[in-house]
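Structure assessment
Listed below are the residues making up each chain.
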Amino acid sequence: MDIRVRALETLLTRKGYVDPAALDRIIETYETDIGPHNGARVVAKAWSDPDFNAWLLTDATAAIASLGYTGRQGEHVVAVANTPEVHNMVVCTLCSCYPWPILGLPPVWYKSAAYRAKAVMDPRGVLADFGLTLPEHTRFRVWDSTAEVRYLVLPMRPEGTEHLDEAQLAQRVTRNAMIGTGLALSAEEAT
C-alpha cells in the first residue's frame, strides 16, 4: 500500500495535479494541529469535569465543538464510556470512517480488512492482538462507525490520577484508548 501511495503521489506531482508542499502541509496539519492530542484533551476534561462528562455522553458533537474541535469527519460524534463491566470498541466495517478532528488520521491497522472483520467477530481477540487482556466478566460493545456517525470511546480514568490536572491527564490518553483497542496509561506506563 505504501508503495502504491508513493507511486500515485509521484505521478500526480509529475503531471502537475498535486503540489508536494500542499500535501506536506496537509499531513503536518493532521500531525500537529489535528490529532489524538485533541481527543485526549476532550477525555481529560470529561474525567475532570462531571458536567462536561455528562454533556459529552449526551451530545458529544456539541461538547467536543465547545473545545474548538470541529470539521470534516467530526460532524456527528457519539461518545461511549468504558466501565468495569463494559468495554467499547470502534470499527468501521465498510471502510475507515473515523473522527478526524479529535483523533487525526486513522492508523493503517484501523483501515485493514483483518481488523474490520475481527473486531466484529472477536473483539477479545483483537485486544489480545494489541497485548490487552480484560477480565472474563467484561462484556464488549462494538460500535460500527459510519459516514453519518463516528464514535469516541471514553476510557476509564486510571486509578491514582486524582491529583493530576487536565494537561497531565491528557498525557495518559492514547489514540488506541479512544478507539477501544487500548486503555489509558497507568502511572507506571506514563513514566
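Every value quoted in this text rests on a predicted model; they were computed, and no experiment measured them. (Residues numbered from 1 in each chain as written. Predicted model: local features only at pLDDT ≥ 70, side-chain atom pairs only at ≥ 80, totals over all residues. Heavy atoms only, no water.)

1. Description of the packing of aromatic side chains
In total, this model carries seven aromatic pairs according to the counting rule given. Both rings, one in Trp109 and one in Phe130, keep their centres 4.8 Å apart while their planes meet at 70 degrees; by these two values the pair is edge-to-face. Here Trp109, found in helix α7 (residues 108-111), pairs with Phe130, found in the loop between α9 (123-129) and β3 (139-144); they are 21 residues apart in sequence, far enough to count as distant. Under the relative-accessibility criterion, Phe130 is labelled partly exposed at 30%. Through successive ring pairs, a cluster of aromatic residues spans Tyr98, Trp109, Tyr110, Tyr115 and Phe130. The cationic tip of Lys45 hangs over the ring face of Phe52; the distance from NZ or CZ to the ring centre is 5.6 Å. (Phe/Tyr/Trp six-rings, centres within 6.5 Å; stacked < 30°, edge-to-face > 60°. Helix = DSSP H or I, 4+ residues; strand = E, 2+ residues; numbered from the N terminus. Buried < 20%, exposed > 50% of the residue type's maximum accessible area, 1.4 Å probe, protein only. Lys NZ or Arg CZ within 6 Å of the ring centre and 35° of its normal.)

2. What about a nonpolar patch on the surface?
There is a patch of nonpolar side chains on the surface, built from Val120, Met121 and Val142 and spanning about 290 Å² of accessible area. Position of Val120 relative to the elements: it lies in helix α8 (residues 113-121). (Patch = residues over 30% accessible without salt bridge, like charges linked within 9 Å, V, L, I, M, F, W, Y side chains within 5 Å. Areas by Shrake-Rupley, 256 points an atom, 1.4 Å probe, with all protein chains shown as cover. Salt bridge = Lys/Arg side-chain N within 4 Å of Asp/Glu carboxyl O.)

3. Focus: the environment of Val78
In this structure, Val78 sits in strand β1 (residues 77-81). Owing to a relative accessible area of 27%, Val78 belongs among the partly exposed residues under this scheme. Through-space distance from the C-alpha of Val78 to that of Trp100 is 13 Å; in sequence the pair is 22 residues apart. Those residues in contact with Val78, other than ones at most four positions away along the chain, are Ala60, Val149, Arg150, Tyr151 and Leu152. (Contact = heavy atoms within 4.5 Å.)

4. Comments concerning the nonpolar core
Nonpolar side chains tend to gather and get buried jointly when the protein is soluble and globular. Counting residues in hydrophobic clusters, the biggest one holds 43 residues, and the most contacted among them are Val42, Leu56, Ile64, Ile102 and Tyr115. Broken down by element, the residue count for this core peaks at six residues, all from helix α3 (residues 36-48). Not counting the four nearest positions on each side in its chain, Ile64 is found in contact with Val42, Leu56, Tyr69, Val77, Ile102 and Leu152. (Core = buried A, V, L, I, M, F, W, Y, C linked by side-chain atoms within 4.5 Å.)

5. Overview of the packing of α3 against helix α4 (residues 50-58)
Relative to each other, α3 and α4 sit at 125 degrees, their axes nearing to 5 Å. Here α3 is positioned oblique relative to α4, judged by the angle of their axes. Listed contacts from α4 to Val42, Lys45, Ala46 and Ser48 of α3 are Pro50, Phe52, Asn53 and Leu56. Grouping the constituent residues of the contact of α3 with α4 by class yields five nonpolar, two polar and one charged. (Axes fitted to C-alpha atoms, helices over the stretch in contact; angles between N-to-C directions. Parallel < 35°, antiparallel > 145°, perpendicular 65-115°, else oblique. Nonpolar A, V, L, I, M, F, W, Y, C, P; charged D, E, K, R; others polar.)

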